[in-house]
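Results of the structural survey
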There are 2 protein chains.
Amino acid sequence: MALILVVDDDPDILKVLKANLEIAGFEVATATNCAETWQFINKRIPDLIVLDLMLPDGDGMDLCRELRKRHISIPVIMLTARDGISDRVLGLESGADDYVVKPFEAIELVARIKACLRRTSLESLERLRAGEIVVDVPKRMVRVRGKRVDLTPKEFELLCLFINHREKVLTRDFIRNSLWKDNKKLYSWSRVIDVHIQHLRSKIEKDPSNPKYIITIPGVGYRFMPSKR
Amino acid sequence: MALILVVDDDPDILKVLKANLEIAGFEVATATNCAETWQFINKRIPDLIVLDLMLPDGDGMDLCRELRKRHISIPVIMLTARDGISDRVLGLESGADDYVVKPFEAIELVARIKACLRRTSLESLERLRAGEIVVDVPKRMVRVRGKRVDLTPKEFELLCLFINHREKVLTRDFIRNSLWKDNKKLYSWSRVIDVHIQHLRSKIEKDPSNPKYIITIPGVGYRFMPSKR
DNA sequence: CAATGGTTGTAAAGTTTCTGTAAAGCCCTG
DNA sequence: CAGGGCTTTACAGAAACTTTACAACCATTG
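Notes on the structure follow. Predicted model, so just to flag it, every value in this text is computed and none were measured.

Conventions and cut-offs
- Residues numbered from 1 in each chain as written.
- Chains lettered and ligands numbered in written order.
- Predicted model: local features only at pLDDT ≥ 70, side-chain atom pairs only at ≥ 80, totals over all residues.
- Heavy atoms only, no water.
- Helix = DSSP H or I, 4+ residues; strand = E, 2+ residues; numbered from the N terminus.
- Buried < 20%, exposed > 50% of the residue type's maximum accessible area, 1.4 Å probe, protein only.
- Polar contact = N/O pair within 3.5 Å; in protein donor to acceptor, adjacent residues only side chain to side chain.
- Contact = heavy atoms within 4.5 Å.
- Near = heavy atom within 4 Å.
- Nonpolar A, V, L, I, M, F, W, Y, C, P; charged D, E, K, R; others polar.
- Phe/Tyr/Trp six-rings, centres within 6.5 Å; stacked < 30°, edge-to-face > 60°.
- Lys NZ or Arg CZ within 6 Å of the ring centre and 35° of its normal.
- Pairing = 2+ DSSP bridges.
- Axes fitted to C-alpha atoms, helices over the stretch in contact; angles between N-to-C directions.
- Parallel < 35°, antiparallel > 145°, perpendicular 65-115°, else oblique.
- Core = buried A, V, L, I, M, F, W, Y, C linked by side-chain atoms within 4.5 Å.
- Salt bridge = Lys/Arg side-chain N within 4 Å of Asp/Glu carboxyl O.

**A short note on the side chain of B:E155**
All names here are of chain B. Here E155 lies in helix α6 (residues 153-164). The exposure class of E155 is buried, given its relative accessible area of 4%. Within the local environment of E155, its side chain forms a polar contact with the backbone nitrogen of T152, the two atoms lying 3.0 Å apart. Other than its neighbours up to four places away in sequence, E155 contacts D150, H199, L200 and K203.

Encoded structure:
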């Protein structure tokens, strides 16, 4: 059954929700703040997150946005305190899939969770495929020739970028602008990209010194070739 | 609208798929085995093929390989029986663009078909053509008489310049100002341009010593003539 | 008609720039 | 403070660019 991560700073609410969700047949994990949430997510990706808007060490919306930025696209249901319209709009804009206004009936939450899971399981388009490589974006899992491969966040983003722009030549400028958004500055002469390419090759190529997927276009950039049509 | 050819030996599946795809606005043709598939393809090339892996008179992958061998490069979506070994084999062997695991939701298949068509139809834009030469700019790929040709950055820029100014005589001054922007100085007596022309000719001309595309205009420069039909 | 000078084709050598790679340092988190 | 991930650095080798030298060609000229 599906694993639900519930994040709220009120232990009473957590207790009630956990009980109700388990009755409904879900596996339940809990966290009380942003730090714990990340900690959990780094270990195991749940199928859905129930997220309180206000957390002691941060904002639920920021957390949600950050999830999306890292290509973690599992559904998020927000718990908002008041039902001010602005909160709803903000919640949905931040990438949440649904929201429930406190105080709420546990039954309603369960129903929304089920609906959300049903909806998103159909949209399983989050699977990217290129030749012998299969990327399950929500689970952040990559298989190459059937074998599981663990990628770091940067490597994962890089691979997604390549697959979404298959066959096109990506300049280093383009890659830099895609993976190092505004806040993180990166000197134009930095060789980080090349190094990440090196790491990615060593993980997905059969013979990294004779790459079949990530091809170097000297003087320009790199090209991802899923097959040899 | 796009024409989809669905190949499956189960008439029930065919019926369901046909109905769903037509609702989605596609024109649908069906076949139940390899023989029928080839028969159809010889009459009319569809925009996309949905192909069952197991067919009564052959293997979907073989059919797919055969398509590629005949340079029919329309997208193929495979229907595979189960996850597991099959997708490893798929990845290794066939030239399919995507696959869907049975049993599947019709919605997912439609979504994948749309994604696939969107990808491949966008690709046919941004293309330059000149006689037997096809240049795909974002992919930086050049085909001459159907064969792939690798160009260095300077050669590529030079070729694009020629194609964009076809039939016109380009002086060396003009070429120098176009490819060597201000920062890079280039002595007026340098012969670099001639050397690059030489390299380009050796890659795109059938007989480099009797060029048909890049014609020398003595005392002036060069002219690109794609005219031969 | 042969000599001359200017222009282009061509191959090869010289030079510069770019890339692969390993190793080391940094920074954050647990 | 240990470990993992990210970034920098340094250097060797590869690729591309440029120069150079010479042959071929053509037109003009003495």
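**Things to note about the protein's contact with DNA strand D**
Around DNA strand D, 21 residues are found, and the nearest of them are A:T152, A:S190, B:T152, B:W180 and B:S190. Taking all atoms of DNA strand D within 4 Å of the protein, the share assigned to sugar and phosphate is 76%. A distance of 2.5 Å separates a phosphate oxygen of DNA strand D from a polar atom in the side chain of A:S190. For DNA strand D, a phosphate oxygen lies 3.3 Å from a polar atom in the side chain of A:H196. Secondary structure elements with two or more residues in the surface near DNA strand D: α6 (153-164) and α8 (192-204) of chain A together with α6 and α8 (192-204) of chain B. Among the residues forming the surface near DNA strand D, the class breakdown is 11 nonpolar, six polar and four charged.

**A look at the packing of aromatic side chains**
Under the definition given, this model contains six aromatic pairs over all chains. Seen in terms of ring centroids, A:Y213 and A:F224 are 5.7 Å apart; in terms of plane orientation they differ by 20°. Their pairing is stacked. Taken together, the residues span a long stretch of sequence, with A:Y213 in the loop between α8 and β13 (214-217) and A:F224 in strand β14 (residues 221-224) at a distance of 11 residues. Comparing A:Y213 with A:F224 shows no difference in burial state: the two are buried. Members of the aromatic cluster, joined through ring pairs, are A:F162, A:Y213 and A:F224. The ring centre of A:F156 lies 4.6 Å from the NZ or CZ of A:R140, which sits over that ring. Between B:R70 and the ring centre of B:W38, over which it is positioned, the NZ or CZ distance is 4.1 Å.

**Some points on the sheet that holds strand β10 (residues 141-144) of chain A**
All names here are of chain A. Strand order in the open sheet formed by four strands is β8-β9-β10-β11, with antiparallel pairing between adjacent strands. Each of the sheet's edge strands pairs with one partner strand only, and the pair in question is β8 (127-130) and β11 (147-149). Taking each pair of neighbouring strands and ignoring which way they run, the sheet shows an average axis angle of 25°. Here strand β9 (residues 133-136) runs beside β10; their pairing, made up of four bridges, is antiparallel. Directly across from D136, in β10, lies its bridge partner M141. Most of the contacts of α6 go to β9, to which it runs at about 115°, and overall it touches β8, β9 and β10.

**Let's talk about the packing of α6(B) against α8(B)**
Residue and element names in this part refer to chain B. The N-to-C vectors of α6 and α8 enclose an angle of 80°; their axes lie 10 Å apart at closest approach. Between α6 and α8, the interaxial angle falls into the category roughly perpendicular. Contact residues: K154, E155, L158, L159 and F162 in α6; H196, I197, H199, L200, K203 and I204 in α8. Of the residues that constitute the contact of α6 with α8, the class distribution is six nonpolar, two polar and three charged.

**Let's talk about the protein's contact with DNA strand C**
Taken together, 20 residues sit near DNA strand C, with A:R191, A:T216, A:Y222, B:T216 and B:Y222 positioned nearest. Considering the 4 Å shell around the protein, atoms of DNA strand C inside it are sugar or phosphate in 44% of instances. Here a phosphate oxygen of DNA strand C and a side-chain polar atom of A:R201 are 2.9 Å apart. B:Y222 is positioned such that a nitrogen or oxygen atom in its side chain is 2.9 Å from a phosphate oxygen of DNA strand C. For the surface near DNA strand C, the elements supplying multiple residues, two or more each, are α8 of chain A together with α8 of chain B. The residue inventory of the surface near DNA strand C, partitioned by class, reads six nonpolar, eight polar and six charged.

**Concerning the nonpolar core**
In this structure, A:I133, A:V135, A:L159 and A:F224 are the most contacted members of the largest nonpolar core, which totals 28 residues. For this core, the secondary structure elements donating two or more residues are β8, β9, β10, α6, α7 (172-179), α8 and β14 of chain A. Sequence-distant contacts of A:I133, defined by excluding residues within four places in its chain, comprise A:L128, A:V142, A:R143, A:V144, A:L159, A:I163, A:I204, A:Y213 and A:F224. Core analysis: the next-biggest nonpolar cluster, separate from the first, contains 26 residues, B:L151, B:L200, B:I214 and B:Y222 among them.

**Some remarks on the pattern of salt bridges**
All told, the structure shown has 26 salt bridges over all chains when counted by the stated rule. Here A:D194 and A:R191 are joined by a salt bridge, their closest N and O atoms 3.5 Å apart. Take A:D194: its relative accessible area is 15%, and that puts it in the buried class. Look at A:R191 and you get exposed, because its relative accessible area is 55%. B:R65 serves as the salt-bridge partner of B:D62, at 2.6 Å between the closest nitrogen and oxygen. Placement of the pair is B:D62 and B:R65 together in helix α3 (residues 60-69), with a separation of three residues, close to one helical turn.

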